[in-house]
Amino acid sequence: DAGVIQSPRHEVTEMGQEVTLRCKPISGHNSLFWYRQTMMRGLELLIYFNNNVPIDDSGMPEDRFSAKMPNASFSTLKIQPSEPRDSAVYFCASSLVVLETQYFGPGTRLLVL
Amino acid sequence: KNEVEQSPQNLTAQEGEFITINCSYSVGISALHWLQQHPGGGIVSLFMLSSGKKKHGRLIATINIQEKHSSLHITASHPRDSAVYICAVRLNNDMRFGAGTRLTVKP
């Protein structure tokens with residue numbers, strides 16, 4: 001298996017632009033997690049899906065952030081409009097079921113100028 | 001006070017030494033994860049624990065639910081073990097992360 005796939009690996013954009021991050025979980029995994037990592041705040045859980053349904057989005061910073069999982073093999077995290085403080089590494093992870101080992105993607109390094 | 005506290009923050013060891021990293025938490029949890037983040041940024045999940053002890057190669061993780069404490073041990077440490085080790089606890093629908101322990105193993 002290719003593991004969790006994230007794209008793009010790097011993104012540089014200007015403040016105010018829309019940013020879309022993509023994630024393909026490991027085939028057969030039913031849970032998908034979006035995390036953000038910054039120097040100041042460390043790792044944070046943004047949202048997770050179970051069987052394509054968002055379970056808890058209380059970690060999503062604000063309304064500018066939205067996440068979707070239209071099918072079992074694809075999820076997006078969108079930031080609109082982006083701000084410099086959104087600069088971070090965004091990780092996607094998947095697991096067979098919620099309370100099992102999570103497998104992390106390589107991350108998307110986002111820089112908002 | 002952080003809900004998840006790790007110690008030490010930084011650790012330098014000589015190759016071959018036995019390493020212990022500690023994690024204490026202040027809330028009731030359903031599971032605890034130990035993650036390894038390599039210098040390049042990639043994250044690997046090492047263990048997920050809800051009780052007892054798990055072993056994988058030179059790595060051992062233990063958890064004491066009553067004392068709200070977990071330890072990660074590395075036996076016969078090697079320079080390739082150099083990484084940041086992160087403790088994460090699962091509370092219902094949320095997760096909380098420790099600040100990480102930066103381990104450097106010198107040859």
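Up top you'll find the structure we're talking about.
This section reports on the structure supplied with the text. (Residues numbered from 1 in each chain as written. Chains lettered and ligands numbered in written order. Predicted model: local features only at pLDDT ≥ 70, side-chain atom pairs only at ≥ 80, totals over all residues. Heavy atoms only, no water.)

### Some points on the pairing of strand β9 (residues 83–91) of chain B
All names here are of chain B.
- For β9, a buried count of 9 out of 9 residues is recorded, marking the element as mostly surrounded by other parts of the structure.
- Side chains A83, Y85, C87, V89 and L91 of β9 all project onto a buried face; the interleaved residues V84, I86, A88 and R90 project onto the opposite face, where all are buried too.
- The pairing of strand β4 (residues 31–37) with β9 spans 7 bridges and is classified as antiparallel. If you follow A31 over to β9, its bridge partner there is R90.
- Strand direction decides the pairing type here: β9 and strand β11 (residues 101–106), joined by 3 bridges, are antiparallel. Its bridge partner lying in β11, V84 is registered against R102.
- As defined by bridge partners, β9 adjoins strand β10 (residues 94–97) across 4 bridges and the pair is classed as antiparallel. Bridge pairing links R90 to M95 in β10.
- Taking the residues between adjacent antiparallel strands as the criterion, β9 and β10 are bridged by 2 residues, where N92 takes a positive phi near 50 degrees. (Buried < 20%, exposed > 50% of the residue type's maximum accessible area, 1.4 Å probe, protein only. Helix = DSSP H or I, 4+ residues; strand = E, 2+ residues; numbered from the N terminus. Pairing = 2+ DSSP bridges.)

### Comments concerning the packing of aromatic side chains
Residue and element names in this part refer to chain A.
- This model, assessed by the stated rule, comprises 5 aromatic pairs over all chains.
- Judged by centre distance (5.3 Å) and plane angle (20 degrees), the ring pair of F33 and Y48 falls under stacked. Taken together, the positions of F33 in strand β4 (residues 31–38) and Y48 in strand β5 (residues 42–50) put the pair 15 residues apart, joining distant regions of the chain.
- When its relative accessible area of 0% is taken as the criterion, F33 is described as buried. (Phe/Tyr/Trp six-rings, centres within 6.5 Å; stacked < 30°, edge-to-face > 60°.)

### Remarks on the state of the cysteines
Residue and element names in this part refer to chain A.
- Under the definition given, this model contains 2 disulfides over all chains.
- The disulfide partner of C23 is C92, and the S-S distance across this bridge is 1.8 Å. Across the S-S bond linking C23 and C92, the dihedral sits near -65 degrees, which makes this disulfide left-handed. Placement of C23 in strand β3 (residues 19–24) and of C92 in strand β9 (residues 88–95) is noted, with a sequence separation of 69 residues between them.
- Note on C92: relative accessible area 0%, which makes it buried. (Disulfide = S-S within 2.5 Å.)

### Section: the layout of surface pockets
- Volume-wise, the largest pocket comes out at about 1100 Å³.
- Taken together, 41 residues make up the lining of the largest pocket; nearest its centre are Q37, T38, G42 and L43 of chain A together with A99 of chain B.
- At the level of secondary structure, the elements contributing two or more residues to the lining of the largest pocket comprise β4, β5 and β9 of chain A together with β9, β10 and β11 of chain B.
- No other element matches β5 of chain A, which puts 5 residues into the lining of the largest pocket.
- For the lining of the largest pocket, the residue count by class is 18 nonpolar, 15 polar and 8 charged. (1 Å grid on protein atoms, 1.4 Å probe; cavity = no way out; pocket = protein on both sides within 12 Å on 5 of 7 lines; lining within 4 Å. Points joined across faces, edges and corners; volume = space filled by probe spheres on them. Nonpolar A, V, L, I, M, F, W, Y, C, P; charged D, E, K, R; others polar.)

### Observations concerning the nonpolar core
Residues and elements named next belong to chain B.
- Among the nonpolar cores identified, the biggest contains 25 residues, and L32, W34, L72 and Y85 are the most heavily contacted of them.
- Counting residues per element, the ones that place at least two in this core are β2 (10–14), β3 (19–25), β4, β5 (43–49), β7 (59–64), β8 (69–74), β9 and β11.
- Tallying contributions element by element places β9 first for this core, with 5 residues.
- Every residue in contact with Y85, bar those within four places of it in the chain, is listed here: Q6, I21, L35, Q36, L46, L72, I74, G100, T101 and L103. (Core = buried A, V, L, I, M, F, W, Y, C linked by side-chain atoms within 4.5 Å. Contact = heavy atoms within 4.5 Å.)

### Some points on the sheet that holds β3 of chain A
Residues and elements named next belong to chain A.
- The antiparallel open sheet is built from 4 strands, whose spatial order is β1-β3-β8-β7. Only two strands of the sheet have a single partner each, and these edge strands are β1 (5–7) and β7 (65–71). Geometrically, the sheet is characterised by an average inter-axis angle of 15 degrees between neighbouring strands, direction not taken into account.
- One ladder, built from 5 bridges, connects β7 with strand β8 (residues 74–79); its direction is antiparallel. Bridge assignment links F65 to a residue of β8, and that residue is I79. (Axes fitted to C-alpha atoms, helices over the stretch in contact; angles between N-to-C directions.)

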